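Listed here are the chains, written in short residue letters.
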Amino acid sequence: MSQLQILTLTCDDRPGIVAAVATELTALGANIAESSQFWDRTSNRFFMRLAVEGDESVSTASIDRALKPAIDRFGLRVHTVDARRRPKIIIMVSKFDHAMLHLLYQIKVGWLNADVVAIVSNHQDSRGVAEREGLAYHYWPVCKDNKTEQEQKLLGLVRETEPDLVILARYMQVLSDDLSTRLFGKMINIHHSFLPSFKGAKPYHQAYERGVKLIGATAHYVTPDLDEGPIIDQETERVTHAMSAEDFVATGRDIESRVLARAVKLHLERRIMLNGNKTIVFSS
């Protein structure tokens, strides 16, 4: 068994889908190593993720051909990727680099399987990190007069490098509706998420002033609706009156880094499927 392919499948739910897919894969000589499925009763949509192993004959192309009868019969939308290929990512960051550094560390130790093809920033603060890691660094400062131009540079970089994911690792710029739409499903953002929510500058200091008891973070896909995209992962941690505003900030940074890294890993392992404005997340 030398090949590992990841399949994601979706269609309207009806009897026989799993049996049909499994039958065609078995006939191909593929072994199902992992299987997850979900039926959304509200929309009547069926979602499935499979990891299959096999010899050299079990390839992305051969799986797509083998599943053609099931695709035609059930109206399946199938996406197959070779899991041996290392995914490529672009990391975007502003001044706060904790989330970016955590991603780079998790790649270094092998928990995240990815190649960073570029770091993009509207500040110079992270250039030294990029140079030490041997990573391409693009310094593109943004103002209201050049926003469109700089976003076009990003789209050009995306076309050139073909990343599997663009990550907003505390990139503190509001993206245009056009860019958000073009990269929908391929761009993840991380931000704080409190109850109540605090917008604007220094959210953790605002939370401290209000005496919140929970600090949290949310990772989601980027959409034209600011911070309203399909949620991938969230986490909260209790805080107390005895903690300082700086303690709140430190706790928030830690949570943001963890939540973003988990969301990135889920995306790169093809464990997330979009279901309208929600996500189906098949954990390992």
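This text goes with the structure placed above it.
What you see is a predicted model; the values in this text were computed from it and never measured.

1. Quick word on empty space enclosed by the protein
One pass over the structure, following the stated rule, counts 1 cavity of 30 Å³ or more. Considering only enclosed or pocket space, the largest cavity measures out at about 110 Å³ in volume. Met92, Val142, Gln150, Glu151 and Tyr171 are, among the 14 residues lining the largest cavity, the residues nearest its centre. Contributing elements (two or more residues each) for the lining of the largest cavity: strand 6 (115-121) and helix 6 (147-161). The element best represented in the lining of the largest cavity is helix 6, accounting for 4 residues.

2. A closer look at the pairing of strand 1 (residues 3-12)
Of all 10 residues in strand 1, 8 are buried, a share of seventy percent or more. The pairing of strand 1 with strand 3 (residues 45-54) spans 10 bridges and is antiparallel. Bridge pairing in strand 3 links Ile6 to Ala51. Across 6 bridges, strand 1 lies against strand 4 (residues 77-82) in antiparallel orientation. Residue pairing for strand 4: Thr8 is matched across the bridge by His79.

3. Details of the sheet that holds strand 8 (residues 165-168)
Spatially, the 7 strands line up as an open sheet ordered 7-6-5-8-9-10-11, and their pairing is mixed. Unpaired on one side and paired on the other, strand 7 (137-139) and strand 11 (231-238) mark the two borders of the sheet. Taking the axes of each pair of neighbouring strands and ignoring which way they run, one obtains an average angle of 15° across the sheet. When strand 10 (residues 214-221) meets strand 11, the two strands line up antiparallel, connected through 7 bridges. Bridge pairing in strand 11 links Ala217 to Glu235. Against the sheet, helix 6 makes contact with strand 5 (88-93), strand 6, strand 7, strand 8 and strand 9 (187-192), and its axis sits at roughly 160° relative to strand 5, the strand it touches most. Strand contacts of helix 9 (residues 245-268): strand 5, strand 8, strand 9, strand 10 and strand 11, with the helix running at about 155° to strand 11, the strand carrying the most contacts.

Criteria and thresholds
- Position numbers for residues start from 1 in each chain and track the written sequence from start to end.
- Only residues with pLDDT of at least 70 get local features here, since the model is predicted, and only at 80 or more are side-chain atom pairs given and counted; chain-wide, interface and lining totals rely on the full set of residues.
- To get the side-chain values, all heavy atoms of the structure are used, and hydrogens and water are removed first.
- A pocket, in this scheme, is an open set of points on a 1 Å grid over the protein atoms alone with protein on both sides within 12 Å along at least 5 of 7 lines, while a cavity is a set where a 1.4 Å probe fits but cannot get out; residues line either one if an atom lies within 4 Å of a point.
- Grid points are joined across faces, edges and corners, and a volume is the space filled by probe spheres set on the points.
- Secondary structure is summarised from DSSP: a helix means a run of H or I of at least four residues, a strand means a run of E of at least two, and numbering begins at the N terminus for each.
- Between buried and exposed lies partly exposed: a residue is buried under 20% and exposed over 50% of the maximum accessible area for its type, with that area taken using a 1.4 Å probe on protein chains only.
- Here, a strand pair is defined by DSSP locating no fewer than two bridges between the strands.
- To get an axis, a line is fitted to the C-alpha atoms, and for a helix only the part in contact is used. The angle between two axes follows their N-to-C directions and goes from 0 to 180 degrees.
- By definition, residues are in contact when any of their heavy atoms lie within 4.5 Å.

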